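Reading the structure
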Amino acid sequence: MRELDVRPTSAGGAQGGLRSPLLDTGERVFWNGLVLVILALISALATFLILTGLTPIAPRDDVVLTALLVNALLILIMLGLTAWQAFRLWQAWRQNEAGARLHVRIVLLFSLIAALPAILLAIAATTTFSRSLDGWFSNRTRTIISNSLDVARSYVEEHGQVIRNDAVNMGRDIDAGIAAGAQGANEAIKNLLIAQAGLREISSAFIIDKDGTPAISAFDTEVPYVVPAASLIAKADSGEVPVVTLRSTSQIAALSALKSQPGWYLYIARPVSAKVLDLLERTEERVGEYNQLRQAKSGLKLAHGLMYTMISLTALLAAIWVGFWFANR
């Protein structure tokens, strides 16, 4: 009988039992790719935890930018590795290497399985975050925050207006008393100051000089004296009656220049609710933070959108790499 030729038709053919050199990536490529995939997944997870505030690391601009750059670098390396393997697979397919079509089907299957959930998750997460962020900065929310600050400020402003009127009236009465004969007699002026403070329920009253040093005082000894700022004295010299909130002593103070005694000033203070002042301070801080977040709203949306996109792309590239590895095995 005629003998059949059973020699392999090509160096990479299936009949010869040899693997295609284009489809054999080797152990080194496998371990390098495995390390890269693990690093990319860890980096993506770390970026997610930082941006969501689940770590002790504050999500500052420089921290977020560094995390995104690290993710982008790893993704570019994974893209390079994937493109190299895809090029080898394309060459094998063009040369009709055994198993090339099966490789393509396996890689596409792994990619499709990973891509659909990743894309859906990225779209859903980005949309949900964007709508939630828009809700935080809606007109209704801004109105509520502004009203809470206005209520606290109104309380302080009302007390400020009252003590300003008291300072004007007390200054006028003290000027009248000095003009009536108390000039130069500090004891008489002090009695007049005490009487005027008691009439208007002023807890602390002083007549101070241009340096802020009390010349005559009638005050509650339990409340420390707070030297007025030079800017307040300058305003009093110009004819104003400045009002200042003394948060250290929970008081509202007013300053008025005495016309009968040049270089002397009436300085009075009245206690206010410490809780209201604390509330006002906290509210101002929160409103400041809210306004900063509102200005950075677009940046937050962009950062989270990039984060979800990078996570999805990392998962997709990892699935493609696993598909290549599985097909080669």
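Description of the structure in this document. Model, not experiment: these values are computed from the prediction.

1. Here we look at the overall build of the protein
Looking only at helices and strands, the protein features eight helices and five strands. When the helices and strands of the protein are read in sequence order from the N terminus, they spell out α-α-α-α-α-β-β-α-β-β-β-α-α. Counting over 329 residues, the protein shows a buried share of 37%. Put simply, of all contacts in the protein between residues at least 6 apart along the chain, 67% involve residues at least 24 apart. Accessible surface, the protein: about 19600 Å² in total, of which carbon and sulfur atoms supply 62%.

2. Observations concerning the layout of surface pockets
Of the pockets and cavities examined, the second largest pocket occupies roughly 230 Å³. Every residue along the wall of the second largest pocket is listed here: Val168, Gly171, Arg172, Asp175, Ala236, Gly239, Glu240, Val241, Ser256, Ala257, Leu258 and Lys259. For the lining of the second largest pocket, the element with the most residues is helix H4 (residues 139-182), which contributes four residues. In terms of residue class, the lining of the second largest pocket is made up of five nonpolar, three polar and four charged.

3. Looking at the environment of Ser148
Within the fold, Ser148 resides in helix H4. The sequence separation of Ser148 and Leu280 amounts to 132 residues, and the corresponding C-alpha distance is 8.9 Å.

4. Points about empty space enclosed by the protein
Tallied over the entire structure, the rule returns four cavities of 30 Å³ or more. Of the voids in this model, the largest cavity is the one considered here, and its volume is about 60 Å³. Every residue along the wall of the largest cavity is listed here: Ser204, Phe206, Val223, Pro224, Tyr225, Val226, Leu246, Gln251, Tyr267 and Ala269. Elements supplying a minimum of two residues to the lining of the largest cavity: strand S1 (204-208) and strand S5 (265-271). Residue composition of the lining of the largest cavity, grouped by class: eight nonpolar, two polar and no charged.

5. With respect to the packing of aromatic side chains
With the rule as written, the count across this model stands at three aromatic pairs. On the basis of an interplanar angle of 90° and a centroid distance of 6.0 Å, the ring pair of Tyr225 and Tyr267 is categorised as edge-to-face. Of this pair, Tyr225 sits in the loop between strand S2 (214-219) and helix H6 (230-237) while Tyr267 is found in strand S5, placing the two residues 42 residues apart along the sequence. Given the relative accessible area of 25%, Tyr225 is considered partly exposed. Among the aromatic residues, ring-to-ring pairing joins Phe206, Tyr225 and Tyr267 into one connected group.

Thresholds applied
Residues numbered from 1 in each chain as written. Predicted model: local features only at pLDDT ≥ 70, side-chain atom pairs only at ≥ 80, totals over all residues. Heavy atoms only, no water. Helix = DSSP H or I, 4+ residues; strand = E, 2+ residues; numbered from the N terminus. Buried < 20%, exposed > 50% of the residue type's maximum accessible area, 1.4 Å probe, protein only. Contact = heavy atoms within 4.5 Å. Areas by Shrake-Rupley, 256 points an atom, 1.4 Å probe, with all protein chains shown as cover. 1 Å grid on protein atoms, 1.4 Å probe; cavity = no way out; pocket = protein on both sides within 12 Å on 5 of 7 lines; lining within 4 Å. Points joined across faces, edges and corners; volume = space filled by probe spheres on them. Nonpolar A, V, L, I, M, F, W, Y, C, P; charged D, E, K, R; others polar. Phe/Tyr/Trp six-rings, centres within 6.5 Å; stacked < 30°, edge-to-face > 60°.

Scope: geometric values only; no functional claims are made or implied.
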